[in-house]
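Structural description and commentary
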Amino acid sequence: MKIILAPDSFKGSLTSMQAISIIKKAVIKYFPYANIVELPIADGGEGTVEALVEALHGEYRDVVTMDPIGRKIKAVYGIVNGDTAVIETAAASGLPLLSSEERNPLYTSTYGTGEIIKAVLDDGLRKFIIGIGGSATNDGGMGVATALGINFLDKNGNKLKPIGENLQSVRDIDFDGLDPRISDSDIVVMCDVQNPLTGSNGATYVYGRQKGADDIALDILERGMVNYADVVYEKLCMDNRNKEGAGAAGGLGFALSVFFNAKLKPGIEAVLDAVDFDNLVKDADLVITGEGSMDGQSIFGKVPVGIAKRCKRYDVPVSAIAGGMGRDAEKLYDIGIGSIMTTINGSMAVDEAMERAEELMYSAADRMLRFIRMGMDIRGI
C-alpha cells in the first residue's frame, strides 16, 4: 500500500514537515507495512522554500537583505535540482516581519526580495521559482526592479524610492542599469491569487487594508498603481494590469511579468510540477493532505484542492485534515476530496488549539486512519 502525505503548513502552529511527521505515526499504527511518501507542500507563501527543499532534497542558503522598511535581516532561499533557486517574497518582504504599528503599504518595499534575486544571480544560477504570497507591500514590484538596476523617475528626472507612496510620482523608467544576467534567466512565479493589478478587485483594494492601509492610503495607492501601469505601457507597450496574478504581492506579479518575462502560475500547480507529483501519485493508493482551515473559498487555488484535482486524474482517493471547516466546505467533496477530518475535537479557544496543535493533529490523523481501516474491514466490500 502506497500512501502519500502531502499537507500544507497549518499557519501559526505546524509546518508542513511537522504535520507530516505526526500523520505518519498514525499511518504506521494502522498500516505498519505501508510505503509512505513524505511530500511537504506549499502554495507560494511562507513555507514554500522549506517544502521544495525538503521534497527535492535540496539545500538552504543564507543571505543578508532588507525587510519591508529597510532594516537589515538574514533571509533564506533554497537550491533544488542543483540549478534552481527557490525564493519566498515573505522571507524579505513579508507581513510577519513588521509589527502592527509598522504596517503601512505607503512606505514598504519589495527591495529586499530583489536583493535575494541578485544574490542568486551572483551564485551563478539562472532558474528561479519565486513564491509571492504573504507580502507587506503594495509597491507594484518597484522594489525588486530597483534592486536589479531599474530606476523609476519623477517629473524632474530624480530617482524615486521604491515604495507604494511613490507610485503616483512615476513619470519615466530608466532601464540602462538593469542587470544583464536577468535576461538569461527563467523565472516561474507562484501566485496563490488571481487578482489584477488595479480596480476594485486589484492589489490595493482587496489586500491593502490587511497590510495596514486606511481609506486615504488605499485611494493614494490605487491612483498611484493606475499611473504606474500607464507609464509602463508608454515605455514598453505592454499592458499586463489585468493579467491574472498581476496584483499578487501588491503588484509584484505585474513587475516580474513585464520587466523580467516571468511566467505566472497558480502556486500549487507550480509546486506539484516541481516535485513531479503526477509521477508519484499514479500508483498511489491514498493521499492525505490538509491545511489550517477549509471552506468554500478553498476551491480557488488552495493546496488540498490542487492535490485533489491531480489525484482525480488517476482515480486516487484523497482525505484531508483541517484545523476547522468553514462555510460551504462540503463543496470540496465535488472536486475530489473524499473526506475532511478536523483537528478541533471539542470546545476550545483558538489559543488553546494552537498550543495543543501536535496533540490535536495526531488525534485527527488517528481518527481518519481508524475510519479508513474500518472501512476496509467492512464485510461485503
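Located above this text is the structure these notes cover.
Right, let's talk about the packing of helix H7 (residues 215–236) against helix H8 (residues 252–260) for a bit. Their axes nearest at 12 Å, the elements H7 and H8 cross at an angle of 10°. Put simply, H7 runs roughly parallel to H8. Of the residues in H8, those touching H7 at Tyr228, Ala229, Val232 and Leu236 are Phe254, Ala255, Val258 and Phe259. In the contact of H7 with H8, the residues fall into eight nonpolar, no polar and no charged.

Glancing now at the pairing of strand S6 (residues 127–131). In terms of burial, S6 is a largely internal element, four of the five residues being buried. Across five bridges, strand S5 (residues 84–88) lies against S6 in parallel orientation. Along S6, the bridge assignment pairs alanine 85 with phenylalanine 128.

Taken together, the five strands give an open sheet; going across it, the order is S2-S1-S11-S12-S13, and neighbouring strands pair in parallel fashion. Looking along the sheet, the strands with just one partner apiece sit at the ends: strand S2 (35–38) and strand S13 (337–342). Averaged over neighbouring strand pairs, the angle between their axes works out to 25° when direction is ignored. The sheet contact formed by strand S11 (residues 286–294) and strand S12 (residues 318–325) spans seven bridges and is parallel. Paired with isoleucine 288 across the two strands is serine 319, which belongs to S12. Across the sheet, helix H1 (residues 16–30) is in contact with strand S1 (2–5), S2, S11 and S12; its angle to S2 comes to roughly 170°.

A few words on the pattern of salt bridges. Considering all chains together, one arrives at 24 salt bridges under this definition. A salt bridge links arginine 310 to aspartate 278, with the nearest nitrogen and oxygen atoms 2.6 Å apart. Of this pair, arginine 310 sits in helix H11 (residues 303–313) while aspartate 278 sits in helix H10 (residues 277–281), and the two are 32 residues apart along the sequence. Take aspartate 278: its relative accessible area is 18%, and that puts it in the buried class. One salt bridge in this structure joins arginine 370 and aspartate 366, with 3.6 Å as the shortest N-O distance. Residue arginine 370 and its partner aspartate 366 are both found in helix H13 (residues 357–377); the two are separated by four residues, about one turn of the helix. Taking relative accessible area as the criterion, arginine 370 reaches 45% and is therefore assigned partly exposed. Each of Lys265, Glu269, Asp273, Asp278, Arg310 and Arg313 takes part in salt bridges that share partners, so that together they form one network.

Right, let's talk about the side chain of serine 16 for a bit. Structurally, serine 16 can be placed in helix H1. Polar side-chain contacts of serine 16 include one of 3.1 Å to the backbone nitrogen of isoleucine 41. Non-local contacts of serine 16, meaning those with residues more than four positions away in its chain, are made with Pro7, Asp8, Ser9, Pro40 and Ile41.

With that settled, consider the environment of methionine 238. Here methionine 238 lies in the loop between H7 and H8. Since its relative accessible area comes to 28%, methionine 238 is described here as partly exposed. Distance from methionine 238 to valine 258, taken between C-alpha atoms, is 7.1 Å for residues 20 residues apart in sequence. When neighbours within four sequence positions are excluded, methionine 238 is seen to be in contact with Val232, Tyr233, Ser257 and Val258.

Turning to H11, a few remarks are in order. For H11, the buried fraction is high: eight of the 11 residues fall into the buried class. Within the span of H11, buried status applies to Val303, Pro304, Val305, Gly306, Ile307, Ala308, Arg310 and Cys311. Here the buried face of H11 lies against helix H9 (267–274), H10, S11, S12 and S13. Following H11 by one or two positions, aspartate 315 has its phi on the positive side, about 55°.

Cut-offs applied
- Residues numbered from 1 in each chain as written.
- Predicted model: local features only at pLDDT ≥ 70, side-chain atom pairs only at ≥ 80, totals over all residues.
- Heavy atoms only, no water.
- Axes fitted to C-alpha atoms, helices over the stretch in contact; angles between N-to-C directions.
- Helix = DSSP H or I, 4+ residues; strand = E, 2+ residues; numbered from the N terminus.
- Parallel < 35°, antiparallel > 145°, perpendicular 65-115°, else oblique.
- Contact = heavy atoms within 4.5 Å.
- Nonpolar A, V, L, I, M, F, W, Y, C, P; charged D, E, K, R; others polar.
- Buried < 20%, exposed > 50% of the residue type's maximum accessible area, 1.4 Å probe, protein only.
- Pairing = 2+ DSSP bridges.
- Salt bridge = Lys/Arg side-chain N within 4 Å of Asp/Glu carboxyl O.
- Polar contact = N/O pair within 3.5 Å; in protein donor to acceptor, adjacent residues only side chain to side chain.

Just distances and angles here, no functional claims.
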